[in-house]
Amino acid sequence: MVETRSGSVLDHWLTQLVCPLDHAPLTRAADGTWQCTSCAFTAPLVTVNDRQVYDFRALNIPQTVQLEFCIPVQPLDRYEVVRTMFRAPAEATKQPPVNVAIKTKLDPGSQHYLRTLYEQHGPNLRILDLGCGSGDNRKFLNAIGFTNVIGVDWSAKGADILVDAHRLPFAAGTFDVVVSTAVFEHLYNPFLAMHNIARVSTPRAWFVGGASFWEAWHGSSYFHFTPDGWQTLLNQNGYQLQDLWTGWGVIPAALAHVFTPGHFRKFGYGLQRLVEGVFRLWGGDAGVRKLQLRASGAYIVFAARTQSNGVT
Ligand SMILES: [Zn+2]
C-alpha cells in the first residue's frame, strides 16, 4: 500500500491548532498566516527543503514557564525490570512482517506496539509523530492503516508544521498516541516537553518513544536517556511504563560514534551479538537483559496513561 495521506488530512489538522504560547484559538489572516486571537503570535509560512510549511515555533517570542515536579522519585527495581520488561523485541518476531516496502527508523519493538494499538483500537486513533524528521514514521503508520497522523519537527523536510516540542500548538486532549523516535535527547528540557505531550494527549493515551544513551555529541543533544530517566519523565506526567527495551547495542553505537566510517558499525553489530551470546550462555535471557541495562546505544519505552491501558 502506498502512503494514503492527502492535503485534506493536513487541512483538518491545521484547523485544530492553537497558539503555542497561551493555547488561545487561532484565526486565518488575509495574508494566509495563522494568528493568535489573544496575543502577538503569528505562524508564518517558511520554506524547508523547497516545501512551504507553517512555522509554529514562535522563534521571536521568549517565554518563561513554570513546571511542577513531585518529590520523592522512586527508582526502578532492576530485578523487576529484568523479569517483566524487554518483551517487545520477542513479541515483534511473532507478528508477520509489514507487507510494504517502506523505510522506517522505528525499531521492531515500537512497530509491534503500534500494530497492536491498531488491532485493538482501529484506524482512527489520532497520532502525533513528534520529531518526525523525513516523515518515515508517518509512512509506516499509514501503511499499517492509521489515517489521522500529523508529523511535526523543529525543522525537517517531512514535517507538516514546524513546532517547538517545549510549547506545542495543540489543544488539550488532541492525541491518542504520541510517537517520538530518537528525539528526546535533542530537547533541552525533556520534562517540559513531556509535560506538553501529556497536555495534548487524551486521558487514555499511549506514548511510544526512544532516545539515545550514547552519542554525547550529535546534532545538539542535551540529556541522554537511562531506564530510570524514562521512568521518572513518564511518571511525573501521569504515564505508566509498560515496557522498556534497547535499540542498537552499545558496541555498534560506540564504534559508529567514535569511528565515523560505516563499516565499523557493521563490525560492532557482530561484536555486540557475540558479547550478548556469551552473557546468554552465562545467565540466559536475564543475563543479556542485565548487560543491556548497564549500557545500550538507546533505550525505548512503551507507556500508557492509565495502568489498565497496557497492551501485550
Ligand atoms: Zn497566543
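Preceding this paragraph is the structure being described.
Residues numbered from 1 in each chain as written. Predicted model: local features only at pLDDT ≥ 70, side-chain atom pairs only at ≥ 80, totals over all residues. Heavy atoms only, no water.

Peer 1: Is there a simple way to think about the sheet that holds strand β1 (residues 26-28) in this case?
Peer 2: Where strands meet in a sheet, backbone hydrogen bonds hold them as pairs that are either parallel or antiparallel. If you walk across this open sheet you meet the three strands as β1-β2-β3, and the pairing is antiparallel. Here the strands that pair on one side only, and so sit at the sheet edges, are β1 and β3 (42-43). For β1 and strand β2 (residues 34-36), the ladder comprises three bridges, and the chain directions are antiparallel. Looking at β2, one finds that R28 is bridged to W34. (Pairing = 2+ DSSP bridges. Helix = DSSP H or I, 4+ residues; strand = E, 2+ residues; numbered from the N terminus.)

Peer 1: Can you walk me through the coordination of the zinc ion in this structure?
Peer 2: Coordination angles at a metal have ideal targets, namely 109.5 degrees for four tetrahedral donors and 90 or 180 degrees for six octahedral donors. Around the zinc ion, the protein contributes the donor atoms C19 (SG), D22 (OD), D22 (OD), C36 (SG) and C39 (SG), at 2.2 to 2.5 Å from the metal centre. Overall, the relative accessible area of 0% leaves C19 in the buried class. (Donors = N, O, S within 2.8 Å, 3.2 Å for Na, K, Ca; no water. Buried < 20%, exposed > 50% of the residue type's maximum accessible area, 1.4 Å probe, protein only.)

Peer 1: How do you make sense of the pattern of salt bridges when you look at a structure like this?
Peer 2: Opposite charge on two side chains makes pairing possible when the charged atoms of those side chains draw close. Inspection of every chain in the model, using the stated rule, returns eight salt bridges. For D176, the salt bridge goes to R126, with nearest N and O atoms at 3.4 Å. Placement of the pair is D176 in strand β9 (residues 175-181) and R126 in the loop between α4 (108-121) and β6 (127-130), with a sequence separation of 50 residues. The class of R126 is partly exposed, set by a relative accessible area of 31%. We note a salt bridge from D136 to K139, for which the minimum N-O separation is 3.7 Å. Highlighted residues: D136 and K139, both in helix α5 (residues 136-144), separated by three residues, approximately one helical turn. Look at the salt bridges and you will find they share partners, linking R126, D176 and R204 into a network. (Salt bridge = Lys/Arg side-chain N within 4 Å of Asp/Glu carboxyl O.)

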